[in-house]
Amino acid sequence: FTLSFPEELERRDVTLGGTVRCEGLLYSTEALRELDAEYYAARDAKWEAGKAAAEAQERAEAPKKWNPDSERWERRYEEEGLPSMLLKRAAYLLAERRDKAVIKRRPMPKELSMDCGPFPGIEGDVYVKRGGRVVLEGGWRERVVGTWSMEPITDLPVSYRGN
């Protein structure tokens, strides 16, 4: 959102002229649910792919067992084959890559406002990501002059907000 100052605003040694723009990210509760679901799906896929790759590796490296009938050491499991092991390892690496991408897109709870609330022009409640930028636009230049964050106004006492 923006605040426009048609004339200069002066207080002590600070002068503001132009437009102050507050930039930040808002997440609707529905968007956060979708990001969470995507995160859980990617995490589960990574765990499953890792489990399959680890089992294949353990079977390949399993100690041999003694066969008293043939009087020799034998493999405990049939050899899986190099292409199969490489495919399982590649599937794990791809799942890990996707997991990291999803984690990067999904905000951490500590980065968001403690509670959600309404925001003008947006349907439903939203969470605000901390660390928004305050930009001063004046003439042909714009400068970052600070950061901002906000908490929604609710009827709950601060002690009930999960601190």
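Residues numbered from 1 in each chain as written. Predicted model: local features only at pLDDT ≥ 70, side-chain atom pairs only at ≥ 80, totals over all residues. Heavy atoms only, no water.

Describing the nonpolar core
Convention followed: The criterion is simple. A nonpolar core is a set of buried Ala, Val, Leu, Ile, Met, Phe, Trp, Tyr and Cys residues joined through side-chain atoms within 4.5 Å. When a residue's accessible area, from a 1.4 Å probe over protein chains only, is under 20% of the maximum for its type it is buried; when over 50% it is exposed; and in between it is partly exposed. By the convention used here, residues are in contact when the closest approach between their heavy atoms is within 4.5 Å.
Within the largest apolar cluster, 6 residues are counted, these being V20, C22, V128, V134, L136 and W148. Excluding residues that lie within four positions of it along the chain, V134 makes contacts with V20, R21, C22, R143, V144, V145, G146, T147 and W148.

Describing helix α1 (residues 29–61)
The cut-off we apply is this: Numbering of helices and strands starts at the N terminus; helices are DSSP runs of H or I of at least 4 residues and strands are runs of E of at least 2. To estimate the expected span of a helix, subtract one from its residue number and multiply by 1.5 Å.
Its 33 residues place the ends of α1 47 Å apart at the C-alpha level, agreeing with the 48 Å of an ideal helix rising 1.5 Å per residue. Within α1, burial applies to L32, L35, Y39, A42, A49, G50, A53 and A56. For α1, the elements touching its buried residues are β3 (26–28), α2 (82–105) and β7 (122–128).

A word on α2
An ideal rise of 1.5 Å per residue puts 34 Å on 24 residues; α2 measures up with 35 Å between its terminal C-alpha atoms. Looking at α2, one finds that the buried residues are Y92, A95, D99 and V102. Looking at the buried residues of α2, the elements they touch are α1.

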